[in-house]
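# An overview of the molecular structure
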Amino acid sequence: MSEESTLADLQEYTDTDYKWGFTTDIEQDTVAKGLNEDVIRFISKKKNEPEFLLDFRLEAFRYWQTLEEPEWAKVHYPKIDYQDISYYSEPKKKELKSLDEVDPELLETYNKLGIPLEEQKMLAGVAVDAVFDSVSIKTTFQEQLKDAGVIFCSFSEAAHDHPELIKKYLGKVVPYKDNYFATLNSAVFTDGSFVYIPKGVRCPMELSTYFRINAAGTGQFERTLIVAEDDSYVSYLEGCTAPQRDENQLHAAVVELIAFDRAEIKYSTVQNWYPGDKEGKGGIYNFVTKRGRCDGESSKISWTQVETGSAITWKYPSCILRGDNSVGEFYSVAMTNNFQQADTGTKMVHIGKNTKSTIISKGISAGRSDNSYRGLVRATKGASGARNYSQCDSLLIGDQCGAHTFPYIDVHNTSTSVEHEATTSKISEDQLFYLQQRGIDEEDAISMVVNGFCKEVLNELPMEFAVEARKLLAISLEGSVG
Amino acid sequence: MLSIRNLKAAIEDKEILKGISLEVKPGEVHAIMGPNGSGKSTLAQVLAGHPFYEATEGDIEFQGKDLLDLDPNERAGEGLFLGFQYPVEIPGVSNTYFLRNALNAILEYREEEPMDALTFKKLLKEKMEVVGMKDELLKRPVNTGFSGGEKKRNEIFQLLVLNPKLAILDETDSGLDIDALKVVSDGVNNFRNEENGVVLVTHYQRLLNYIQPDFVHVLMEGKIVRSGGKELALELEERGYDWLREEVN
Ligand SMILES: Nc1ncnc2c1ncn2[C@@H]1O[C@H](COP(=O)(O)OP(=O)(O)OP(=O)(O)O)[C@@H](O)[C@H]1O
Ligand SMILES: [Mg+2]
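So, here is what we can say about the structure in this document. (Residues numbered from 1 in each chain as written. Chains lettered and ligands numbered in written order. Predicted model: local features only at pLDDT ≥ 70, side-chain atom pairs only at ≥ 80, totals over all residues. Heavy atoms only, no water.)

### Examining helix α11 (residues 442-453) of chain A
Using the following cut-off: Where helices and strands are cited, they refer to DSSP runs of H or I of at least four residues and of E of at least two residues respectively, numbered from the N terminus. Here a helix's expected span is defined as the number of its residues, less one, multiplied by 1.5 Å. Throughout, exposure labels follow a simple rule: accessible area from a 1.4 Å probe, protein chains only, divided by the maximum for the residue type, with under 20% read as buried, over 50% as exposed, and the rest as partly exposed. Here, two residues are considered to be in contact whenever any of their heavy atoms come within 4.5 Å of each other.
For α11 of chain A, with twelve residues, the first-to-last C-alpha span of 16 Å sits near the 16 Å given by 1.5 Å per residue. Counting buried residues along α11 of chain A, nine of its twelve residues qualify, which places the element largely inside the surrounding structure. Within α11 of chain A the residues assigned to the buried category are A445, I446, S447, M448, V449, V450, N451, G452 and F453 of chain A. On its buried side, α11 of chain A packs onto β15 (356-365), β17 (387-396), α10 (429-437), α12 (455-458) and α13 (463-477) of chain A together with α3 (95-109) of chain B.

Now the structure itself:
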């Protein structure tokens with residue numbers, strides 16, 4: 001989005017404010033805080049959405065009002081005041097005037113990751129004066145996709161251009177009643193991505209949100225929907241290794257994936273939201289619902305995630321294996337440092353015959369952080385011959401952090417095999433000493449051991465992403481020694 | 001290049017080294033022998049700076065610097081290499097990746113340019129031939145699942161690639177078959193020159209047939225109780241340690 005169109009949008013938007021009768025306490029650039037049906041109608045109208053979407057939102061909202069916010073055993077945070085949040089943030093982020101106003105540690109990290117100055121400003125929310133030279137790359141990219149028949153656009157665009165697809169699939173994997181945060185998201189989601197891969201098409205390149213034309217800043221309530229028709233393949237990359245700051249503390253995204261016969265979806269995430277400072281102040285709460293449905297026979301959905309950011313992470317990318325012989329995979333690295341809390345894992349629900357799932361989870365805890373793996377493997381009566389292999393390894397750095405593993409197994413037939421292995425180890429003094437004896441300093445030694453520990457997961461990431469993720473792990477570990 | 005003066009060291013408040021003095025000059029090979037538990041590995045670990053050991057008295061000078069002042073990786077940067085009695089496994093980290101990082105860390109410590117990938121590859125190939133390392137072992141994670149002998153061979157391989165000033169080899173000969181012993185000895189001889197030094201910890205005179213030491217020292221209960229030439233090793237081979245123990249008491 002160019003600078004001008006952003007401004008135009010902003011203008012139009014503030015004008016609309018008044019049209020919608022928003023009262024006087026609205027500052028020129030901001031929307032009234034709080035959540036009610038008017039706000040939802042406003043969002044929908046603002047986005048010029050088809051009727052069915054508004055209905056979807058309202059239904060979700062009405063249901064949400066009947067819910068109590070869940071409380072979890074392993075995650076602690078102060079109560080969120082949902083009336084104190086602005087649900088349609090201004091198209092332009094609240095901007096800082098210069099990089100001088102940004103947390104110096106954040107800048108340090110950008111430099112270590114080798115991010116160019118202009119891009120640093122974008123990430124940190126500083127006004128950018130030079131326009132990126134990436135528009136042309138994006139256009140070429142879009143043309144290639146078009147030739148292949150692939151649809152890859154923002155959710156809002158999809159709602160206009162392909163309403164029949166949205167209507168058919170939205171909320172089919174994650175119903176709006178799924179959980180508190182998914183319900184909230186269904187009511188107020190602002191944007192996200194939509195991907196549609198037609199029959200027999202192998203998406204010619206990895207899809208990354210970076211290449212989406214008109215990619216707005218990652219929203220607070222993102223909505224992603226990926227549909228892969230028979231015999232298709234797509235690899236989707238989400239996130240960014242650079243730590244991203246955001247004014248919004250609460251993030252509640254929903255991701256839905258559907259794979260038909262013999263289709264394969266590979267979904268990779270690097271999540272690095274601002275984790276808060278060393279004392280645990282600030283930082284993002286990341287409550288995400290991600291689920292994939294393997295509807296078709298021999299279909300496959302594979303989740304790979306590297307989670308290093310956020311003050312609190314709560315997410316369980318899951319697979320519903322309905323098609324016979326379908327395959328679900330979950331590869332995860334979750335690293336916590338300082339005061340971060342992570343509660344992640346997966347659910348593999350075996351419904352079809354001879355379905356297969358693999359779970360590889362690597363948790364790394366440092367500082368005073370707390371890291372939990374929570375996994376459910378369920379096999380229904382009809383899921384004969386289902387197989388699951390789970391491996392959950394925890395690595396502790398220092399002795400003030402925690403690691404917990406909660407595997408739940410729920411099998412309703414006799415021919416399913418479930419195999420679970422779990423290990424917890426401390427980073428070994430002897431390993432570090434061995435590396436140091438060869439000249440490698442302590443921090444590098446730790447990051448080498450940690451990277452080795454995560455290797456099986458990092459190997460699942462697309463090449464370039466893996467290189468960045470490796471750097472990211474090293475940086476996130478800094479200061480965790482001693 | 002190395003001079004140890006009256007070194008005392010403890011682990012968990014238990015004194016293991018009870019006053020050791022030793023001088024190693026460039027071009028020399030010193031063998032250290034002695035019964036199990038006498039403190040040979042402790043000496044090696046203290047020199048390399050293992051955090052579990054505490055030097056309580058005495059001092060160590062290495063290349064003109066106070067060794068005890070340096071972190072383990074700085075000691076490596078100064079040119080100290082320890083061949084471990086029990087090499088450690090590092091799962092998921094390939095041998096090549098590890099060695100390249102190690103070499104470049106040492107070069108950086110010396111304020112030299114990092115080695116480019118091509119030169120490094122050539123270096124690996126050359127040294128692999130010397131110690132008969134299989135290509136496949138290079139790609140595998142460091143020592144992970146290596147046999148005892150393969151681990152020892154890997155230590156010598158690292159020695160040759162990193163080319164330090166002083167090599168302390170803690171029982172690199174133990175657990176080797178006869179052919180491997182020959183290969184490892186060839187490796188050490190390939191490393192030796194006028195400018196560097198070797199400290200060999202060993203139980204077997206056999207190794208000293210391949211690597212001729214200039215001095216042999218006997219360590220007992222944390223002290224060097226006898227030093228001599230290579231004939232001392234032969235004498236120990238013949239008579240065991242009891243006679244020495246008696247003489248000392
Ligand atoms: N971590 C430790 N805790 C307690 N005692 C230790 C520890 N490490 C070594 N020791 C003790 O220190 C003494 C010297 O051990 P060291 O390993 O140096 O002997 P060594 O001469 O190398 O023996 P070997 O020939 O069997 O290798 C032994 O009595 C040993 O039990
Ligand atoms: Mg020993």
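### Side note on the sheet that holds strand β8 (residues 197-201) of chain B
Residues and elements named next belong to chain B. Defined as follows: In this scheme, strands are said to pair when DSSP sees at least two bridges between them. A fitted line through C-alpha atoms represents every axis, and for helices the fit uses only the stretch in contact; the resulting angles, taken between N-to-C directions, go from 0 to 180 degrees.
Spatially, β6-β7-β8-β3-β9-β10 is the arrangement adopted by the six strands of the open sheet, whose pairing is mixed. Pairing within the sheet leaves two strands with one partner each, and these edge strands are β6 (80-83) and β10 (223-228). Geometrically, the sheet is characterised by an average inter-axis angle of 20 degrees between neighbouring strands, direction not taken into account. The pairing of strand β3 (residues 29-33) with strand β9 (residues 215-220) spans four bridges and is parallel. Bridge pairing in β9 places H30 opposite F215.

### Thoughts on helix α6 (residues 148-162) of chain B
Residues and elements named next belong to chain B. Between the first and last C-alpha of α6 there are 21 Å, a value that for 15 residues agrees with the 21 Å anticipated at 1.5 Å per step. The element α6 is largely enclosed, with a buried count of twelve among its 15 residues. Listed as buried for α6 are K151, K152, R153, N154, E155, I156, F157, Q158, L159, L160, V161 and L162. Phi for N163, located one or two positions after α6, is positive at around 45 degrees.

### Focus: the site of ligand 1
Residue and element names in this part refer to chain B. The line we're drawing: The rule for a residue being near a molecule or strand is that one of its heavy atoms must lie within 4 Å of it. We call two N or O atoms a polar contact when they sit within 3.5 Å, provided that within protein one can donate a hydrogen and the other can accept it, with sequence-adjacent residues counted only if both atoms are side-chain atoms. Only the protein chains shown count as cover for residues, and the accessible areas themselves come from Shrake-Rupley with a 1.4 Å probe. Following the grouping adopted for this structure description, the nonpolar residues are Ala, Val, Leu, Ile, Met, Phe, Trp, Tyr, Cys and Pro, the charged ones are Asp, Glu, Lys and Arg, and the polar ones are all others, Gly among them.
Around ligand 1 lies a shell of 15 residues, among which G37, K40, S41, T42 and H203 are the nearest. Separating an oxygen atom of ligand 1 from a side-chain N or O atom of N36 is a distance of 3.0 Å. Surface burial for ligand 1 is 67%, taken as the share of its 640 Å² of free accessible area covered by protein chains. Tallying contributions element by element places helix α1 (residues 40-48) first for the shell around ligand 1, with three residues. The residue inventory of the shell around ligand 1, partitioned by class, reads four nonpolar, eight polar and three charged.

### Looking at the pairing of strand β2 (residues 191-197) of chain A
All names here are of chain A. Burial analysis of β2 places seven of its seven residues in the buried class, which makes it a mostly covered element. Pairing of strand β1 (residues 151-154) with β2 involves four bridges; the strand directions are antiparallel. In the sheet register, F152 faces β2, and the bridge partner there is V195. Two elements, β2 and strand β4 (residues 222-228), share seven bridges in a ladder whose sense is parallel. Across the sheet, residue D191 finds its bridge partner in β4, namely E222.

Function cannot be inferred from these measures alone, as they are strictly geometric.
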